[in-house]
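# Structure assessment
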Amino acid sequence: MLSMKNISKVFQTDLVETHALRDFNLEVQEGEFVAVTGPSGSGKTTFLNIAGLLEGFTHGDYFLDGVNISNLNDNKSATIRNEKIGFIFQGFNLIPDLNLAENVEVPLRYRGFNAAERKRRVQHALEQVGLAARMKHLPSQLSGGQQQRVAIARALAGEPRFLLADEPTGNLDSMMARQVMELLENINKAGTTIIMVTHDAELARRAQRNIQIVDGQVCDFTMYQGGARQQGMGTKADKPHLVTDADKPSDESEQAQTEQAAS
Amino acid sequence: MFFYYLDLAWRSIKKTPFLSLLMVLAISIGIGITITTLNVYQLMSENPAGDRSDNLIAVQLWSQDKDAWKEFNAQLTYQDAYNLRKSDVPTRQTAMFVTGLAVQTEDPDFVPLLESVRVTDSDFFNMFSVPFIYGKAWDKSVDTEAVYQVVINEALNQQLFAGEDSIGKTLYLDSKPYQIVGVTKTWSPSPLYYDITTGAFKDSAQIFVPFSLAPIEEFQSWGNNQSWKRQSINSYSERLSSEMHWIQYWVEVQDDTQRDEYAQWLKRYVEQQQLLGRFDSPEAAAKLSNVEQWLEINEVVPEDNKILVGLSGLFLLVCLVNMLGLLLAKFLKRAPEVGVRRAIGASRAQIFFQHMVEVGLIGFGGGLLGLLWAWGSLSMLSAHFDLEDALTQLDLTMWVLAPTIAIAAALIAGVYPAWRICSTNPSVHLKSQ
Ligand SMILES: Nc1ncnc2c1ncn2[C@@H]1O[C@H](COP(=O)(O)OP(=O)(O)OP(=O)(O)O)[C@@H](O)[C@H]1O
Ligand SMILES: [Mg+2]
């Protein structure tokens, strides 16, 4: 589904060159739920932006759904974002002047759906996140958790194959965070591939697969061994077995992640 | 999609009413001034003869000696006009000039008026489509056998006879009795193309008398009298046989064939005159101009006016630069929202278009308000400077032109801000809110 080979991204500012990603390799299969962790500034957001076609990259190859992304024009990449990708941000990023229905409708507008189809999808997406009753409310009239659910509904409305979430629970308390996480899990069960950046080790553990980005590289590679989804994720019993390149003991690695999350 | 953008634009304008109003004002003032000057310009350069432009032909003759004037004079000598009147090639023709006469009625209490009077032939009224309320022009025979007859206009008829049918009544001009044969409707083409020698933007004369009376009544010319030759003129008959140019001459033809035929006739006339010792220049010739060519030759739209249009265009530009700055500030403040739109599938082109629609809407508002300014300033101009009405009515096409120019101008001002906002990298604005 997603394949990155030797991707590097250099930010050139007046004085400094920042290597946000270097020699970055990653394969994600259809239907996976991937949690991305890593220290602050390690390049997680940069990776997600490149994966979501919001940003170009300096070197390497990126295939999404078999399409070579390196040389797409703006129109084509906008179409791919619109049809295949859903975004969820830490700051929710709802448009404040639009009510919930209108916010969820935005990607459908760009998709060119007619009014009836838009209405049906908006209704459906808001039902999925349990906010159909508040369609006419403005984002400012909702709690953070509710806003994030609207943002998820917006991402879902276009029925994307691929959901990218950058710290979706970063601004939420743990109760709300769990709700959002459950929502994402349900979406994943329905077949949508999800890549989620998080600082929350507990949430990360609930994902089928964990990767860690350190200093612009996929450094730590964690994965359930087989059919995790069927076993039901997120219970203490399903504590991940960590496989590390550096052959670190699994507990230590987990410790490190927790500390990062706390810092 | 357009209506979606329109909806977004309207919300955005409502959200920042003060800023939006400022932009609408900026553009409306620019448009108001531009439309005002354009309106005056257009009226000054309009072809007043309409579809008769090709049928009405002004005649000029290069009759001067070789070292005299280096161009055709706008008028003819009396002797040439007298000879040209004998041609039967044109369908209609008229020689004419303006004089001034004291007007008196049979009412002894009436204080005489000094009025300018057009001395012309009977064909004048048909040629220049002068509409009549009462009566008609004097008979064609009067053009050769002078009779004291007169045509007056509606305004003078109102003043002298309270607007009643005055046909058959007597009007005294310089104490001579003239019989009124026609009353014309108020009629004043602008520019007054058939006689531009004393300014193209004056009103038409109120009184018309037969040209055939000129040698009898010795009407003085109130127009331009130009001579390339030193001649002493002591009497009216000397004036009539002199080389002084003071008569306007127009003919009417039905088509190009007739025009060519008349050109041939004039060519023979010039040759014939050369045998008599006149037209002593290698450039001696006749020149025919239709109304459009005539206005062009005589530069009826003054240079000043072109400069004025240029200046107002410059002013519009200043307003646009102003608007550009405001738009840039407004759009860039919206960058986070645009970042979201881009992330969830809007292309650069769609974002660009969305913002151009908003700019266009502002432009449209500016255009409408600008029309109000233009209407106001034209009314003010005419009130304060006592301009002729013809120059200060808001032309109909302006009602279409103003919003069009306003939208186009706004779009031009909006290109850069819209391009800036659509080309910024969305990821930069998504990070923090
Ligand atoms: N637009 C940019 N211009 C210059 N440098 C940038 C830009 N965006 C990111 N960087 C740099 O690239 C590196 C990676 O940044 P990135 O935002 O991907 O980190 P992150 O892993 O998401 O961090 P956090 O966990 O704090 O969100 C950082 O050193 C950052 O300073
Ligand atoms: Mg980040």
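Scroll up to find the structure.
Residues numbered from 1 in each chain as written. Chains lettered and ligands numbered in written order. Predicted model: local features only at pLDDT ≥ 70, side-chain atom pairs only at ≥ 80, totals over all residues. Heavy atoms only, no water.

## Let's talk about the site of ligand 1
Worth spelling out the cut-off: When at least one non-hydrogen atom of a residue lies within 4 Å of a molecule or strand, that residue is treated as near it. Pairs of N or O atoms are called polar contacts if they sit within 3.5 Å, as long as, within protein, a hydrogen donor faces a hydrogen acceptor (for residues adjacent in sequence, only side-chain-to-side-chain pairs). Throughout, the Shrake-Rupley method with a 1.4 Å probe supplies accessible areas, and for residues the shown protein chains are the sole cover considered. Only DSSP runs of H or I reaching four residues or more are called helices, and only runs of E reaching two or more are called strands; each is numbered from the N terminus.
Close to ligand 1 lie 14 residues; Ser40, Gly41, Lys44, Thr45 and Thr46 of chain A are nearest. Mapping the residues adjacent to ligand 1 onto the chains of the assembly identifies chains A and B. In this structure, an oxygen atom belonging to ligand 1 sits 2.5 Å away from a side-chain N or O atom of serine 40 of chain A. Between ligand 1 and threonine 45 of chain A, the relevant distance is 2.6 Å, taken from an oxygen atom to a side-chain nitrogen or oxygen of the residue. Contact with the protein chains hides 70% of the accessible area of ligand 1, taken as 630 Å² for the molecule alone. Among the elements that make up the shell around ligand 1, the one with the highest residue count is helix H1 (residues 44-51) of chain A (3 residues).

## Some remarks on the sheet that holds strand S4 (residues 59-64) of chain A
Residues and elements named next belong to chain A. Test applied: By definition, two strands form a pair when at least two bridges between them are found by DSSP. Pairs of residues are marked as contacts when any of their non-hydrogen atoms sit within 4.5 Å. Comment: axis = line fitted to C-alpha atoms, over the contacting stretch for helices; angle = value between 0 and 180 degrees taken between N-to-C directions.
Strand order across the open sheet formed by 4 strands is S2-S1-S4-S5, with antiparallel pairing between neighbours. Both edges of this open sheet fall to strand S2 (17-28) and strand S5 (67-68), since each of them pairs with a single strand only. Pairing between S4 and S5: 2 bridges, direction antiparallel. Along S5, the bridge assignment pairs leucine 64 with valine 67. Of the strands in this sheet, strand S1 (2-12), S2 and S4 touch H1, which is tilted by about 120 degrees from S1.

## Considering the packing of helix H5 (residues 144-157) of chain A against helix H6 (residues 174-189) of chain A
Residues and elements named next belong to chain A. Rule in force here: For classification purposes, angles smaller than 35 degrees are called roughly parallel, those larger than 145 roughly antiparallel, those between 65 and 115 roughly perpendicular, and all remaining angles oblique. A crossing counts as left-handed when the near helix is turned anticlockwise from the far one by less than a right angle, and as right-handed when that turn is clockwise. Asp, Glu, Lys and Arg are counted as charged, while Ala, Val, Leu, Ile, Met, Phe, Trp, Tyr, Cys and Pro are counted as nonpolar; the rest, among them Gly, fall into the polar class.
Where H5 meets H6, the axes come as close as 10 Å, and the angle between the chain directions of the two elements is 15 degrees. By the angle between their axes, H5 is roughly parallel relative to H6. Crossing of H5 over H6 shows right-handed handedness. On H6, the residues touching Gly145, Gln148, Arg149, Ile152 and Leu156 of H5 are Met176, Gln179, Val180, Leu183, Leu184 and Ile187. Here the contact of H5 with H6 is composed, by residue class, of 7 nonpolar, 3 polar and 1 charged.

## Quick look at the layout of surface pockets
Note the following rule: In this analysis, the protein atoms alone were mapped onto a 1 Å grid. Cavities are point sets where a 1.4 Å probe fits without being able to get out; pockets are open sets with protein on both sides within 12 Å along at least five of seven lines; lining residues have an atom within 4 Å of a point. Grid points are joined across faces, edges and corners, and a volume is the space filled by probe spheres set on the points.
Of the pockets and cavities examined, the largest pocket occupies roughly 530 Å³. Surrounding the largest pocket, 27 residues form its lining, Pro96 and Asp97 of chain A together with Lys15, Arg334 and Glu337 of chain B being those nearest its centre. Elements supplying a minimum of two residues to the lining of the largest pocket: helix H1 (2-15), helix H11 (335-343) and helix H12 (348-385) of chain B. Per-element accounting of the lining of the largest pocket gives the leading share, 5 residues, to H1 of chain B. Classifying every residue of the lining of the largest pocket by side-chain character gives 10 nonpolar, 8 polar and 9 charged.

## A few points about the interface of chain A and chain B
As a reminder, the rule being used: By definition, the buried area sums, over both parts, the 1.4 Å-probe accessible area that each loses when the two are put together. Every case where a carboxyl oxygen of Asp or Glu lies within 4 Å of a side-chain nitrogen of Lys or Arg is listed as a salt bridge.
Between chain A and chain B, the residue contacts involve 23 residues of the former and 27 residues of the latter. Across the interface of chain A and chain B, roughly 2200 Å² is buried in total on both sides, 55% from carbon and sulfur atoms. Ranking the residues of chain A by area buried against chain B places Asn93, Arg109 and Tyr110 of chain A at the top, with a combined share of 29%. Our enumeration of links across chain A and chain B arrives at 4 salt bridges. Two residues, aspartate 97 of chain A and lysine 15 of chain B, come together in a salt bridge whose shortest N-O distance is 3.3 Å. At the level of secondary structure, the elements contributing two or more residues to the side of chain A that touches chain B comprise H1, helix H2 (74-84) and helix H3 (100-111) of chain A. Class assignment of the residues belonging to the side of chain A that touches chain B gives a composition of 10 nonpolar, 6 polar and 7 charged.

## A short note on H5 of chain A
Given 3.6 residues per helical turn, the α-helix brings residues three or four places apart onto the same face. All names here are of chain A. Condition: One fewer than the residue count of a helix, multiplied by 1.5 Å, yields its expected span. Note on exposure labels: buried denotes an accessible area under 20% of the residue type's maximum, exposed denotes more than 50%, and partly exposed covers the range between, all computed with a 1.4 Å probe on protein chains only.
Across its 14 residues, H5 extends 20 Å between first and last C-alpha, which sits within 8% of the 20 Å expected from 1.5 Å per residue. Most of H5 is tucked away: 13 of the 14 residues are buried. Positive phi appears at glutamate 159, one or two residues downstream of H5, with a value of about 50 degrees.

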